[in-house]
Amino acid sequence: MEIFAQQIFNGLTVGSVYSLVALGLTLVYGILHIPNFAHGALYMMGGYITLTMMTKFGLYYWIAIMISMVIVGLMGVLMERLIFYPLRDAPPIQDKIAAIGILLFLEAFAQFVWGADYQTMPTPYGQVVSVMGLTFTMQRLLIIISTVVVMILLFLFLKKTFIGSAIIAMSQNREGAHLVGINTNKMAMLTFMISGALAAIAASLSSPINLVFPGMGHLVILKAFVIIIIGGMGSIPGAIIGGYILGFAESLGATYISNDYKDIFAFILLVLILTFKPTGLFAKGGHS
Amino acid sequence: MLKLKGVSVQYGAYKAVRNVDIEVGKGEIVVLLGSNGAGKSTVFKTIGGLHKCTEGEIMFEGKRIDQSSPAQIVKTGIVQCAEGRKLFPRMTVYENLMMGAFIHRKQKKEIENTLHEVYELFPILKEKRNDLAGSLSGGQQQMLAIGRALMSKPKLMLLDEPSIGLAPIIVAQMFEVIKQINKTETTILLAEQNANAALHIAHKGYVLENGSIVVEGSSEELFADDNVRKAYLGA
Ligand SMILES: Nc1ncnc2c1ncn2[C@@H]1O[C@H](COP(=O)(O)OP(=O)(O)O)[C@@H](O)[C@H]1O
Ligand SMILES: [Mg+2]
């Protein structure tokens, strides 16, 4: 029972990070209808920028994260302006190829600037605590709590503000958004900004328990894609719930089946869901 | 108020609208008649900035708007209820209406008042305010599209075939509402195939065929025109 509780806790930690990454991916998908393969590179940049802010500039963890969110957010905006916007009328395959191009470019860039070594990110929350038979580091607790806070803020923004609702509106009907006077260019940029910031905070939260290296985004982004396919492409609740489902499946699977197959569960889940509910758990009745 | 001068629009090499002149005066209801594929929606999209014209110019209250973005055009006071309604299907009726007021988002008090007016015009929208737009019937969706457009407090409203696919009784209501909206100083440009009903509420009209205006005149003149009677009034 204790092991089970411990694994649920771990699943919650891992699932939090997945959810944050998947949220950014699904927001951009909702607006642009392209799978942004470069999202994993934004995640990686987020890790490096936070790390650099802490080690080179001696900034406090949270300040470093804030700066990282802003910089990676702006990188997202730049990506939209320089690459996806000019391709808006091109056949969809070109967006995808461009996204892969950005991914490769940013990874080469990271390797050039920071080297290929694995680096550890320090955290002020390294202490180990035991509560009711659960043993964990404060960092893990921090991941779970911060994620919930970020999600609540995002929810309030999307649901309760005009600008946030405009993003949702645009994802449901782009022409309708034009008709009510929403500047869809601005909304696309804002969405990329948020998406980048989400990737940055996810990477900054998870890096102290994982590592920072140029390929750190690979598995995360693959899994995030699985999540948004499971959850229904473009669905926000789908991304959140899908992230946690995968987190639980991985940590329980690692314990009760085998740790060696941890990274495979995502894809088993994918096959199962695509077999029984091909449109995803939260399919949205098509884009009209 | 609105003036199209020699407007042509192309899709690739295909000229969907040729050399169209249209004039809409303040406070009028003007109808643009034409069968399927005549180019009515293309004219509307071009006025709304969703398409650029290849030739000609569009003036609104003395200013050129043919280079403006859709969002700028809505801000100058032109709003449209497009073909297919273009609602936000997974948002509630209320949320759709609020999005209609997007350009006035800072004026909370005014939005409140406009919402009240829209609910008065369409009580059913108030009743269904918490339902998803996608779950409404066709007639209700059309009302929501018009309500959403009204939320932007337009000076000129473009209505693209509001009666299409609706039961006759609903169509009659729809035209009644359009007349009512016009009474509150909103100018209306209406695209229709339903010539009979449209000409009854309109002050004047244009007939569009294959992208060109072939007849224009007051409603009385169009009613009396032999070609119009044959082609659009089934006489
Ligand atoms: N996006 C488009 N691409 C190419 N041709 C189009 C497009 N939209 C409309 N057309 C063509 O332009 C002509 C006018 O269409 P439209 O403006 O929709 O007419 P209406 O609204 O009067 O039915 C039609 O021949 C139609 O096939
Ligand atoms: Mg049409």
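Residues numbered from 1 in each chain as written. Chains lettered and ligands numbered in written order. Predicted model: local features only at pLDDT ≥ 70, side-chain atom pairs only at ≥ 80, totals over all residues. Heavy atoms only, no water.

*Asks:* Can you help me understand the environment of A:Ile240 in this one?
*Replies:* Note that A:Ile240 resides in helix H10 (residues 236-256). If we ignore the near neighbours within four places in the chain, the residues touching A:Ile240 are A:Ser19, A:Leu23 and A:Met151. (Helix = DSSP H or I, 4+ residues; strand = E, 2+ residues; numbered from the N terminus. Contact = heavy atoms within 4.5 Å.)

*Asks:* Looking at this structure, how should I read the coordination of the magnesium ion (ligand 2)?
*Replies:* Ideal donor angles around a metal are set by the shape: a four-donor tetrahedron calls for 109.5 degrees, a six-donor octahedron for 90 or 180 degrees. All names here are of chain B. At this site the magnesium ion (ligand 2) is bound by Ser41 (OG) and Glu83 (OE), with donor distances of 2.0 to 2.2 Å. Here Ser41, found in helix H1 (residues 40-47), pairs with Glu83, found in the loop between strand S6 (78-81) and helix H3 (93-100); they are 42 residues apart in sequence, far enough to count as distant. The exposure class of Glu83 is partly exposed, given its relative accessible area of 36%. (Donors = N, O, S within 2.8 Å, 3.2 Å for Na, K, Ca; no water. Buried < 20%, exposed > 50% of the residue type's maximum accessible area, 1.4 Å probe, protein only.)

*Asks:* Help me out: how do you make sense of the sheet that holds strand S5 (residues 63-64) of chain B in this one?
*Replies:* Pairing between the strands of a sheet is mediated by backbone hydrogen bonds and can be parallel or antiparallel. All names here are of chain B. Here we have 4 strands laid out as an open sheet, ordered S2-S1-S4-S5, and antiparallel in their pairing. Pairing within the sheet leaves two strands with one partner each, and these edge strands are strand S2 (14-24) and S5. Note: strand S1 (residues 2-11) against S2, 7 bridges, orientation antiparallel. When the bridges of S2 are listed, Lys3 appears paired with Glu23. Running at roughly 115° to S1, H1 makes contact with S1, S2 and strand S4 (55-60) of the sheet. (Pairing = 2+ DSSP bridges. Axes fitted to C-alpha atoms, helices over the stretch in contact; angles between N-to-C directions.)

*Asks:* I keep staring at the interface of chain A and chain B and nothing clicks. Help me out?
*Replies:* Listed by partner, the interface residues are 22 residues for chain A and 25 residues for chain B. Interface area for chain A against chain B, summed over the two sides, is near 2,100 Å², with a carbon-plus-sulfur share of 68%. Run the count over chain A and chain B and you get 2 salt bridges. Here A:Lys159 makes a salt bridge to B:Glu95, at a shortest N to O gap of 3.2 Å. Where chain A packs against chain B, one counts 4 residue pairs in polar contact (both at pLDDT 80 or more). (Buried area = accessible area lost by both parts, 1.4 Å probe. Salt bridge = Lys/Arg side-chain N within 4 Å of Asp/Glu carboxyl O. Polar contact = N/O pair within 3.5 Å; in protein donor to acceptor, adjacent residues only side chain to side chain.)

*Asks:* Hey, could you run me through unusual backbone geometry in this one?
*Replies:* For residues besides glycine, phi is generally negative; the peptide bonds are generally trans as well. Residues and elements named next belong to chain B. Of note, Glu161 is a non-glycine position whose phi angle comes to about 45°, a positive value. Using a relative accessible area of 4% as the deciding quantity, one classes Glu161 as buried. The phi dihedral of Asn210 falls on the positive side, at around 45°, and the residue is not glycine. The exposure class of Asn210 is exposed, given its relative accessible area of 63%.

*Asks:* Sorry, what's going on with the packing of aromatic side chains here?
*Replies:* Any aromatic ring pair is given by two values, namely how distant the centres are and how the planes are angled relative to each other. The full count for this structure, using the stated rule, is 10 aromatic pairs over all chains. Between A:Phe162 and B:Phe102, the ring centres sit 6.5 Å apart and the planes meet at 65°, which makes this aromatic pair edge-to-face. Residue A:Phe162 is found in helix H6 (residues 162-172), and its partner B:Phe102 is found in the loop between H3 and helix H4 (108-121); the two belong to separate chains. Taken individually, A:Phe162 and B:Phe102 each receive the classification buried, so the pair is uniform in this respect. Joined through ring pairs, the aromatic side chains of A:Tyr48, A:Phe105, A:Phe109 and A:Trp114 make up one cluster. Directly above the ring of A:Tyr85 sits A:Arg88, whose terminal nitrogen or CZ lies 4.0 Å from the centroid. One Lys or Arg, B:Arg105, reaches over the ring of B:Phe102 and ends 4.2 Å from the middle of that ring. (Phe/Tyr/Trp six-rings, centres within 6.5 Å; stacked < 30°, edge-to-face > 60°. Lys NZ or Arg CZ within 6 Å of the ring centre and 35° of its normal.)

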